[in-house]
Amino acid sequence: MGTGQVVGGRVRRDLSEISNKPSPNGNIPVKKPIVSSPENRSNSRKRIQRRSKKAVISPVQKLFETCKKVFANGESGIVPSAENIEMLRAVLDEIKPEDVNVSPNMPCFRSKPMLRSPLVTYLHIYECDRFSMGIFCLPPCGVIPLHNHPEMTVFSKLLFGTMHIKSYDWVADSPRQSSDTRLAKVKVDSEFTAPCDASILYPADGGNMHCFTAKTACAVLDVLGPPYSDPAGRHCTYYFDYPFSRFSVDGVAVAEEEKEGYAWLKEREEKPEDLTVMAMMYSGPTMKE
Ligand SMILES: [Fe+2]
């Protein structure tokens, strides 16, 4: 639509340059001679500069600019408008691994047999109090255990590889098994292979608690709005998930054939000891703030 309008505008401008006055030779219209004045040349240079500025904006810069608009509010639990969410999703879906300088050949994607569980690497791109951008790099069999995103909207774009994602949302108003164990409904339990659309989770749906398991080496570009913040009360909590049939709780009933779609999530007191995330410098194109 936008491109069509630009093309249409250009066509109209070109036609308007053709004189409507009869030519001395008859009725054949004659194109006006184009005189290149210093002012014209200056305007033309400005137009070229504007075009080249647009042309060189990197995908990461575009993502950054889009995040600034989409997460302008930056408050806990505020979900961006549907229009803004689609805009950010579209920008993410255009990003390729080479745009952020990641490739499966990098050492962080190799399994290290001497380690009990594969090391996860986080490439930090940017963080402010409204949003954060970064890339999780997982070698084959790497796991990011089940965790939550309180009051956040999160976009995850699988850049390459195959990943199993299992995610849950809380069942609202359900009686609890205990103060730290609540009923949750399975939202996603599937494998994804890049290229695939970015997935989005919200404060209360879309799979706010999720677990990533790399089937091959995987890179995931994550955008969090707003990011985790202990002072703001947005802590990252990890969970164990137990089958629905593990506990019997008064007032909670699920049909036999639907039990697979539910689980009890129990808060882990400690960060999982088998999870080691190493932060590294992002080495892709830089951004201007
Ligand atoms: Fe997450």
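Located above this text is the structure these notes cover.
So, a few notes on the structure that sits alongside this text. Bear in mind the structure is a predicted one, so any value in this text is a computation, not a measurement. (Residues numbered from 1 in each chain as written. Predicted model: local features only at pLDDT ≥ 70, side-chain atom pairs only at ≥ 80, totals over all residues.)

Brief notes about the sheet that holds strand 1 (residues 120-127)
Point 1. With mixed pairing, the six strands of this open sheet are ordered in space as 7-4-9-2-1-12. Looking at strand neighbours, the two that pair on one side only are strand 7 (199-201) and strand 12 (277-281), the edges of this open sheet. Put simply, the sheet's adjacent strands are angled 25 degrees from each other on average, direction ignored.
Point 2. As paired strands, strand 2 (residues 132-138) and strand 9 (residues 218-225) are joined by seven bridges and run antiparallel to one another. Across the sheet, residue Ser-132 finds its bridge partner in strand 9, namely Leu-224.
Point 3. Relative to the sheet, helix 3 (residues 59-70) contacts strand 1, strand 2 and strand 9, its axis offset from that of strand 9 by approximately 30 degrees.
Point 4. Sheet contacts for helix 4 (residues 82-93): strand 4 (153-160), strand 7 and strand 9; angle to strand 4, the most-contacted strand, approximately 20 degrees. (Pairing = 2+ DSSP bridges. Helix = DSSP H or I, 4+ residues; strand = E, 2+ residues; numbered from the N terminus. Axes fitted to C-alpha atoms, helices over the stretch in contact; angles between N-to-C directions. Contact = placed C-beta atoms within 7 Å.)

Some details on helix 4
Point 1. Between the first and last C-alpha of helix 4 there are 16 Å, a value that for twelve residues agrees with the 16 Å anticipated at 1.5 Å per step.
Point 2. Among the residues of helix 4, Leu-88, Val-91 and Leu-92 are the ones counted as buried. End-on view of helix 4: buried residues confined to an arc of 100 degrees, all on one side of the axis. Structural note: helix 4 exposes Ala-82, Glu-83 and Ala-90 on the side pointing more than 90 degrees away from its buried face.
Point 3. For helix 4, the elements touching its buried residues are helix 3, strand 4 and strand 9. (Expected span 1.5 Å × (residues − 1). Buried ≥ 20, exposed ≤ 12 C-beta atoms within 10 Å, placed from the backbone. Arc of directions from axis to C-beta.)

Some thoughts on the pairing of strand 2
Point 1. Of all seven residues in strand 2, six are buried; the element is thus mostly enclosed.
Point 2. Pairing of strand 1 with strand 2 involves six bridges; the strand directions are antiparallel. Note that in strand 2 the partner of Glu-127 across the bridge is Ser-132.
Point 3. Count of turn residues in the strand 1/strand 2 antiparallel hairpin: four residues.

Here we look at the sheet that holds strand 3 (residues 143-147)
Point 1. One open sheet accounts for six strands, arranged 3-8-5-6-11-10; its pairing is antiparallel. On the outer flanks of this sheet lie strand 3 and strand 10 (239-243), each paired with one strand and no other. The average angle at which neighbouring strand axes cross in this sheet is 30 degrees, direction not considered.

Describing the packing of helix 3 against helix 4
Point 1. Contact geometry of helix 3 with helix 4 gives a least axis separation of 10 Å together with a crossing angle of 165 degrees. By the angle between their directions, the pair helix 3 and helix 4 is classed as roughly antiparallel. Between helix 3 and helix 4 lies a crossing whose hand is left-handed. Residue-level inspection shows Lys-62, Leu-63, Thr-66, Cys-67, Lys-69 and Val-70 of helix 3 in contact with helix 4, the latter providing Asn-84, Met-87, Leu-88, Val-91 and Leu-92. (Parallel < 35°, antiparallel > 145°, perpendicular 65-115°, else oblique. Left-handed = near helix turned anticlockwise from the far one by under 90°.)

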